[in-house]
Amino acid sequence: MSENFQKISLEEAPRTELHDKLGLTGAEVSVNRLPAGAAVPFVHAHKQNEELYGVLEGRGELWIDGEVVEVKAGDWFRISPAGKRALRAAADEGISFVCIQTKAGSLEGYTMTDGVICEEKAPWHA
């Protein structure tokens, strides 16, 4: 297998952090599951890192800077470093979400400006 590739399968855990498991060097990614009525047990903010959340399944509530916002499967949202946040599952339904944490202001390129088209062809590009 290529040295440029790492793969894992997630276990059924309330929270799995991927930075160590995959050797991430530019982001922290966590996959999170809260059962119905459960909540992240603290409010937090960050010094430098913004967070991008994607709700994969279920629904719940985000507490952000003193306001409550309903979130559900398919919702994606960004929170700046200073945003004080906490998340909980709905009383009658669990929630699964991914959280991607990166240093705010560090994006120097993205798909169209950082990507490079290679000459090689994959087998399905014959």
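Preceding this section is the structure that the text describes.
Parameters and conventions
- Residue positions are given per chain, counting from 1 as you read along its sequence in written order.
- Only residues with pLDDT of at least 70 get local features here, since the model is predicted, and only at 80 or more are side-chain atom pairs given and counted; chain-wide, interface and lining totals rely on the full set of residues.
- With hydrogens and water set aside, each side-chain value is computed from the structure's full complement of heavy atoms.
- Each helix corresponds to a stretch of at least 4 residues labelled H or I by DSSP, and each strand to a stretch of at least 2 residues labelled E; elements are numbered beginning at the N terminus.
- Using C-alpha atoms as the atom set, the radius of gyration is obtained and then compared with a globule rule of 2.2 Å times the number of residues to the power 0.38.
- Contacts: residue pairs with any heavy atoms within 4.5 Å of one another.
- Like-charged residues within 9 Å of one another, or nonpolar side chains (Val, Leu, Ile, Met, Phe, Trp, Tyr) within 5 Å, are grouped into patches, provided each residue has over 30% relative accessible area and no salt bridge.
- Computed with the Shrake-Rupley method and a 1.4 Å probe, the accessible areas treat only the protein chains shown as cover for residues.
- For salt bridges, the criterion is a side-chain nitrogen of Lys or Arg within 4 Å of an Asp or Glu carboxyl oxygen.
- Centre distance within 6.5 Å is the pairing criterion for rings of Phe, Tyr and Trp, where only the six-membered ring of Trp is used; planes under 30 degrees apart are then read as stacked, over 60 as edge-to-face, and the remainder as tilted.
- The cut-offs for exposure are 20% and 50% of the maximum accessible area for each residue type, with area from a 1.4 Å probe on protein chains only; residues under the lower value are buried, those over the upper are exposed, and the others partly exposed.
- Here the nonpolar core consists of buried residues drawn from Ala, Val, Leu, Ile, Met, Phe, Trp, Tyr and Cys, with membership extended through side-chain atoms lying within 4.5 Å.

*Asks:* What should I look at first to understand the overall build of the protein in this one?
*Replies:* The secondary structure content of the protein amounts to two helices and seven strands. Seen in sequence order, the protein has helices and strands lined up from the N terminus as β-α-β-β-β-β-β-β-α. What you see for the protein is a C-alpha radius of gyration of 17 Å, clearly larger than the 14 Å of a compact globule of 126 residues, by over 25%. Its C-alpha atoms give the protein principal-axis dimensions of roughly 50 × 30 × 25 Å.

*Asks:* How should the environment of Val71 be read in this particular structure?
*Replies:* Here Val71 lies in strand β4 (residues 67-72). For the pair Val71 and Gly58, spaced 13 residues apart in sequence, the C-alpha separation works out to 8.7 Å. In this structure Val71 touches Val55, Arg59, Gly60, Glu61, Leu62, Phe77, Leu87 and Ile95, once residues within four positions along its chain are discounted.

*Asks:* I would appreciate a short explanation of a nonpolar patch on the surface in the present structure.
*Replies:* On the surface, a nonpolar cluster with roughly 260 Å² of combined accessible area is contributed by Val43, Trp63 and Val68. Checked against the element boundaries, Trp63 lands in strand β3 (residues 49-64).

*Asks:* What should I look at first to understand the packing of aromatic side chains in this one?
*Replies:* Ring pairs (aromatic) are described by centroid distance and by the angle formed between their planes. The final tally for this structure, using the stated rule, is two aromatic pairs. Between Tyr53 and Phe77 the ring centres are 5.1 Å apart and the planes differ by 10°, which places this aromatic pair in the stacked class. Of this pair, Tyr53 sits in strand β3 while Phe77 sits in strand β5 (residues 76-79), and the two are 24 residues apart along the sequence. The residues Tyr53 and Phe77 share a single accessibility class, namely buried. Measuring from centroid to centroid gives 5.9 Å for Tyr53 and Phe97, while their planes differ by 40°, and the two rings are tilted. In this pair, Tyr53 is assigned in strand β3 and Phe97 in strand β7 (residues 95-103), connecting sequence segments 44 residues apart. Residue class for Tyr53 comes out buried when judged on its relative accessible area of 6%.

*Asks:* How do you make sense of the nonpolar core when you look at a structure like this?
*Replies:* Nonpolar side chains tend to gather and get buried jointly when the protein is soluble and globular. With 13 residues, the main nonpolar core has Tyr53, Leu62, Val71, Phe77, Ile79, Ile95 and Phe97 as its most contacted residues. Those elements that provide at least two residues to this core are β3, β5, β6 (85-89) and β7. Residues in contact with Phe77, not counting those within four places in the same chain, are Glu51, Leu52, Tyr53, Val55, Leu62 and Val71.

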